[in-house]
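# Commentary on secondary and tertiary structure
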Amino acid sequence: MSNTTYPIVAIVGRPNVGKSTLFNRISRDTQTLIYDEPGVTRDVIGDVVLIGGKLCTLYDTGGISMRKQQDPILEEVRQRALGMLDRAAVILFVCDGEVGPLPDDFEIAKLLHKKDIPVFTLINKTDIVQAQEHVYTFERFGFPIYQISATHGRGIDLVLKEVAKQLPKTAPADEYEKARCRVAIIGKPNVGKSSLMNELVKENRVIVADKPGTTREAVSEQITFYQEDIKLTDTPGMRRQRGVSEPLEQLMVKSALRAIDAAHIVILVVDGASGELSDQELKLAFYVFEEKHRSLIVLFNKQDLVTEEQKEDLGRQKDQYKYLLDKVEMLSISCKTGKNVGKVLPLINTVWQRAQQQFASDELTMTLKESLMHKPLYKGGQMLTFARAQQVKHAPITIELVVGNPPVWEATQLGYIENQLRKNYDLKGAALALIPRKW
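The text that follows walks through the structure, step by step, so that each part is easy to find. Residue numbering note: each chain is counted from 1, following its sequence as written. Local features in this predicted model are restricted to residues whose pLDDT is 70 or higher, and side-chain atom pairs enter the listing and the counts only when it is 80 or higher, whereas totals over whole chains, interfaces and linings include all residues. The basis for every side-chain value is the complete set of non-hydrogen atoms in the structure, without hydrogens or water.

Bringing the sheet that holds strand β5 (residues 90-96) into the picture now. When DSSP locates at least two bridges between a pair of strands, those strands are taken to pair. Labels follow the DSSP assignment, with helices taken as runs of H or I lasting at least four residues and strands as runs of E lasting at least two, numbered in each case from the N terminus. Ordered in space as β3-β4-β2-β5-β6-β7, the 6 strands form an open sheet in which the pairing is mixed. Taken across any chain shown, the strands that pair with only one partner, and hence form the sheet edges, are β3 (45-51) and β7 (145-147). The sheet shows a mean angle of 25° between the axes of neighbouring strands, taken without regard to direction. Relative to β5, strand β2 (residues 8-12) runs parallel, the two being bridged by 4 bridges. The partner of Ala-10 across the bridge, within β5, is Ile-91. Axis lines are fitted through C-alpha atoms, for helices just across the contact stretch, and the angle between N-to-C directions can take any value from 0 to 180 degrees.

Moving on: the pattern of salt bridges. Just to be clear on terms, a salt bridge is a Lys or Arg side-chain nitrogen sitting within 4 Å of an Asp or Glu carboxyl oxygen. Within the structure shown, the criterion is met by 16 salt bridges. Note that Asp-426 is salt-bridged to Arg-354, the shortest N-O span being 3.1 Å. On the criterion of sequence distance, the pair formed by Asp-426 in the loop between α12 (411-424) and β18 (432-438) and Arg-354 in helix α10 (residues 344-355) is long-range, its members being 72 residues apart. Judged by relative accessible area, Asp-426 falls into the partly exposed class, the value being 45%. Think of it in three bands: with a 1.4 Å probe and only protein chains considered, a residue is buried below 20% of the maximum accessible area for its type, exposed above 50%, and partly exposed in between. Taking relative accessible area as the criterion, Arg-354 reaches 13% and is therefore assigned buried. Sharing partners across several salt bridges, the network here consists of Glu-290, Lys-327, Glu-418 and Arg-422.

Turning to the sheet that holds strand β16 (residues 386-393), a few remarks are in order. Overall, mixed pairing links the 3 strands, which are arranged β16-β17-β18 in an open sheet. Each having just a single partner strand, β16 and β18 make up the two edges of the open sheet. Neighbour-to-neighbour, the strand axes of the sheet open up by a mean angle of 25°, direction not taken into account. Strand direction decides the pairing type here: β16 and strand β17 (residues 397-403), joined by 6 bridges, are antiparallel. Opposite Gln-390, over in β17, you have Glu-400 as the bridge partner. Along the sheet, helix α11 (residues 361-374) makes contact with β16 and β17, crossing β16 at roughly 140°. Any two residues whose heavy atoms approach within 4.5 Å at even a single point are treated as in contact.

This paragraph deals with the packing of α11 against α12. Orientation of α11 relative to α12, taken along the N-to-C sense of each, is 115°, at an axis distance of 10 Å. Handedness of the crossing formed by α11 with α12: right-handed. Across the interface between the two elements, Leu-364, Thr-367, Leu-368, Ser-371 and Leu-372 from α11 touch Tyr-416, Ile-417, Gln-420, Leu-421 and Asn-424 from α12. Less than a right angle of anticlockwise turn of the near helix away from the far helix marks a crossing as left-handed, whereas a clockwise turn marks it as right-handed.

Here strand β11 (residues 265-271) lies mainly inside the structure; 7 of its 7 residues are buried. Residues Ile-265, Ile-267, Val-269 and Asp-271 of β11 are buried on one face, and the alternating residues Val-266, Leu-268 and Val-270, pointing to the opposite face, are buried as well. Judged from the 5 bridges that link them, strand β8 (residues 181-187) and β11 form a sheet pairing that is parallel. Looking at the pairing, Val-183 lines up with Ile-265 of β11. When β11 meets strand β12 (residues 295-301), the two strands line up parallel, connected through 7 bridges. Looking at the pairing, Val-270 lines up with Phe-300 of β12. Seen with the strands pointing away from the viewer, any crossover whose path from the first strand over the helix to the second strand runs clockwise is right-handed. With helix α7 (residues 279-291) bridging β11 and the parallel β12, this β-α-β connection has right-handed handedness.

So, about unusual backbone geometry. Residue Pro-396 follows Ala-395 across a cis peptide bond; omega there is 10°. Tracing the backbone shows Pro-396 in the loop between β16 and β17. The backbone phi angle of Asn-340 is positive, close to 65°, even though this residue is not glycine. Position of Asn-340 among the secondary structure elements: in the loop between β13 (329-332) and α10. Its identity as a non-glycine residue notwithstanding, Ala-395 has a phi of 50°, on the positive side.

So, on to α12. In this scheme, a helix's expected span is set at 1.5 Å multiplied by one less than its residue total. A rise of 1.5 Å per residue sets the reference length of α12, with its 14 residues, at 20 Å; its end C-alpha atoms lie 20 Å apart and thus fit the reference within 8%. Among the residues of α12, Gln-413, Leu-414, Tyr-416, Ile-417, Glu-418, Gln-420, Leu-421 and Arg-422 are the ones counted as buried. Lining the buried residues of α12 we find α7, α11, β14 (378-379), β17 and β18.

With that settled, consider the nonpolar core. With 30 residues, the main nonpolar core has Leu-196, Ile-230, Leu-232, Ile-267, Val-344 and Ile-348 as its most contacted residues. Those elements that place two or more of their residues in this core are β8, α5 (193-201), β9 (219-225), β10 (228-234), β11, β12 and α10. It is α10 that contributes the most residues to this core, 7 residues altogether. Apart from the residues lying within four places of it in its own chain, the contact partners of Leu-232 are Val-183, Met-197, Leu-200, Val-201, Val-219, Ser-220, Glu-221, Ile-223 and Ile-348. In this text, buried Ala, Val, Leu, Ile, Met, Phe, Trp, Tyr and Cys residues form a nonpolar core when linked through side-chain atoms within 4.5 Å.

Mapped onto the secondary structure, Pro-144 falls in the loop between β6 (119-124) and β7. Taking the C-alpha atoms as reference, Pro-144 lies 9.3 Å from Pro-118; in sequence the two are 26 residues apart. Excluding its chain neighbours within four sequence positions, the residues that come into contact with Pro-144 are Val-119, Phe-120 and Thr-121.

By themselves, these observations are geometric and do not establish any function.
Structure representation (structure tokens):
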């Protein structure tokens, strides 16, 4: 298992100067939260991008402060941003042109001069008239200056052209393959999603704290396992909708939902020590598997804290909702002790192989016709007619059912067809979408 590495371009600066807006402007695949409040970005957010024909990893960082923070999470954010300075090949030092250079900017500039790497000062918001009054005061930093507007894209092409000159040659861009398998880790706050992410990538990639809401946006990392490129994405915790009222938390939930949309496989992490699958978690599982047709793995974390009584309670719940849970993969783990964590990536690989299966139309048609001979389907006293089945897509496996009257094929009838397919083929954990259409 290994992480793909490319030269790093780090976007740094004090809080709320437009770093995340700049990142989103350059990155096409990964989008960070934009909210007019200092300190929104906590984890280091990265994406492999092409700049001037050269591949690099672009990182958005939390705001840099030169003073130690009392809050342990804010201090972790600060340390991660500072740590990125030692890993970067090029630094984009973003400043707020509207307010001009502040003492914190000068302190950051002083620190950057100690690093033996190219630094570009990007004066953001220069589309605002007041910013023109401050432009030349940034020359005191001693770095090349570029006027930009991250919001409107002004001046960024010129910056990237100069950044490319500083980047070492990498493998040809056509040799870079984005992860074929995308995995999103979801769940309620404080169930161990970030701990699981760190365990899987073998790196302290995501901030972990015993406080709900620590992760504010989706954080991704690409790894290779069994020669399969996998993009793992940790997401913010998702509370019940009626409990989400703050605008920032609403953005956090949207970030998690976008990660689900982009994923092939979703891992739902549950607090096993709670002794139950909550209504919200069951709704999430149904949404992912039945509505969005994403393959699903349910992990029951914190097994080191589970009592025998809680095991029995959870066992009864699993029986109660077996109509859904029997279709998906489940595993009990403990991120704290490492129990069964080593089985998670092999399980992802197994489900991914199942989700990519290709079935011949003749075989599918014969399987379903034989099932319908033994148990014909009726609607309103009339037997439903079925002609053939053909697979039109994989991951998710999508099968067209050519039938006589598509509108009468509702959830009950499609559920029977799905059960027959799962009975005859190895599809556990793999999502299945059935589309009736008229012959």
